[in-house]
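A structural walkthrough
What follows is each chain in one-letter form.
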Amino acid sequence: MSEQQGPHDIDEVESDEFEIEPEELGDIEAAMQDALKAVESVAAEGQNEKGIEAVSVPVTESDRDSPGEGPEVSELRAEVADLRDRSARILADFDNFRKRSEKDRDEDRRFATAEVFRQLLPVIDNLERALSAEGSEQDLKVGVDLILRQIMDLLDSSGVERVPAMGELFDPQFHEAVSREEDPSVEDPTVIHEMQSGYTIHGRLLRPAVVKVAMPAVDDEPESDEEK
């Protein structure tokens, strides 16, 4: 990757890096015109203070040393032209910086998960070895258990954690109840069976835990005197 160009290296940058989007050209030109008008206004005020008639200051290079002008006007014209050149350089450099920043952001988004997948590759290797290995059913079970632990360690290192479920009070923010039953031994809705684990990443929910919930028994309402 080439080194970043600084504000003073603008002449060395390829011309295609200075391309400005068509929709932005009008805004940039308008900003330039506003800046030049402001400079002309200041120049006119300076001339009036010195007793010099105010003149319209053009921005072409040919007017830097127009004949027949006083030294004050020539100096002001030169300052305006220099400011215009510097403004154009700054705008071009800023446009380059914007394009580089957008490219860097796109690269970051594309490869944000690269490290996680790199750590996942050894797990895939172990799964392939387990499939090709010969052994008893118990050996296969032990191998799968080891691979599962490896995956859980990977998740833990990435900030992924299981949602506590069994025996916990039902929390609709982290639990999804698909079944329930009355249980006189509980005072509040409580998870009694976890059908599918839930996970969070750095405290933010990835997937809720699918659970069965025990509900407190509902007492029958006493009969009124009219019903007796």
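You'll find the structure just up there.
In this report, the structure presented in the accompanying data block is examined. All values reported here derive from a predicted model rather than from experimental measurement.

Bringing the overall build of the protein chain into the picture now. A tally of regular secondary structure across the protein chain gives four helices and six strands. N-terminal to C-terminal, the α/β element order of the protein chain is α-α-α-α-β-β-β-β-β-β. Taken across its 228 residues, the protein chain has 19% of its residues classed as buried. In the protein chain, the proportion of contacts linking residues at least 24 apart, taken out of those at least 6 apart, comes to 61%. A total accessible area of about 17300 Å² is found for the protein chain, and carbon and sulfur atoms account for 52% of it.

Time to look at the sheet that holds strand 6 (residues 209–215). If you walk across this open sheet you meet the three strands as 2-6-3, and the pairing is mixed. Since the sheet does not close on itself, it has two edges, and those belong to strand 2 (175–182) and strand 3 (190–196), each with one partner. The mean inter-strand angle of the sheet, taken between neighbouring strand axes irrespective of direction, is 30 degrees. Pairing analysis gives seven bridges linking strand 2 to strand 6, with the strands arranged parallel. Residue pairing in the sheet places H175 in a bridge with A209 of strand 6.

Quick look at the nonpolar core now. Of all hydrophobic cores here, the largest spans six residues; its members are V163, A165, V191, A209, V211 and V213. In terms of residues, this core owes the most to one element, strand 6, which gives three residues. Once residues lying within four places of it in the same chain are set aside, the contact partners of V191 are A165, M166, G167, E168, F170, H175, V211 and K212.

As a further point, take the sheet that holds strand 4 (residues 199–201). The sheet built from three strands is open, its strands ordered 1-4-5 with antiparallel pairing. A strand with exactly one partner marks an edge of an open sheet, and here the two such strands are strand 1 (160–162) and strand 5 (204–207). Neighbour to neighbour, the strand axes of the sheet diverge by 35 degrees on average, direction disregarded. Examined bridge by bridge, strand 1 and strand 4 share three bridges and lie antiparallel to one another. When the sheet's bridge partners are listed, V160 is paired in strand 4 with I201.

This next bit is on helix 4 (residues 137–157). In a regular helix each residue adds 1.5 Å, so 21 residues correspond to 30 Å; helix 4 covers 31 Å between its end C-alpha atoms and thus fits that length. Two residues or fewer past helix 4, G159 is found with a positive phi of approximately 85 degrees.

This part is about the pairing of strand 5. Here strand 4 pairs with strand 5 via three bridges, running antiparallel. If you follow T200 over to strand 5, its bridge partner there is L205. What sits between strand 4 and strand 5 in their antiparallel hairpin is a turn of two residues, with H202 showing a positive phi close to 50 degrees.

Moving on, we get to the environment of I192. Within the secondary structure layout, I192 lies in strand 3. Since its relative accessible area comes to 30%, I192 is described here as partly exposed. Residues I192 and L169 lie 23 residues apart in sequence; the distance between their C-alpha atoms is 9.4 Å. Residues within four places of I192 in sequence aside, it is in contact with M166, E181, K212, V213 and A214.

With that settled, consider unusual backbone geometry. At H202, a residue that is not glycine, the phi angle is positive and equals roughly 50 degrees. By the element assignment, H202 lies in the loop between strand 4 and strand 5. Residue classification places H202 among the exposed positions, given a relative accessible area of 66%.

The rules behind each value
- Residues numbered from 1 in each chain as written.
- Predicted model: local features only at pLDDT ≥ 70, side-chain atom pairs only at ≥ 80, totals over all residues.
- Heavy atoms only, no water.
- Helix = DSSP H or I, 4+ residues; strand = E, 2+ residues; numbered from the N terminus.
- Buried < 20%, exposed > 50% of the residue type's maximum accessible area, 1.4 Å probe, protein only.
- Contact = heavy atoms within 4.5 Å.
- Areas by Shrake-Rupley, 256 points an atom, 1.4 Å probe, with all protein chains shown as cover.
- Pairing = 2+ DSSP bridges.
- Axes fitted to C-alpha atoms, helices over the stretch in contact; angles between N-to-C directions.
- Core = buried A, V, L, I, M, F, W, Y, C linked by side-chain atoms within 4.5 Å.
- Expected span 1.5 Å × (residues − 1).

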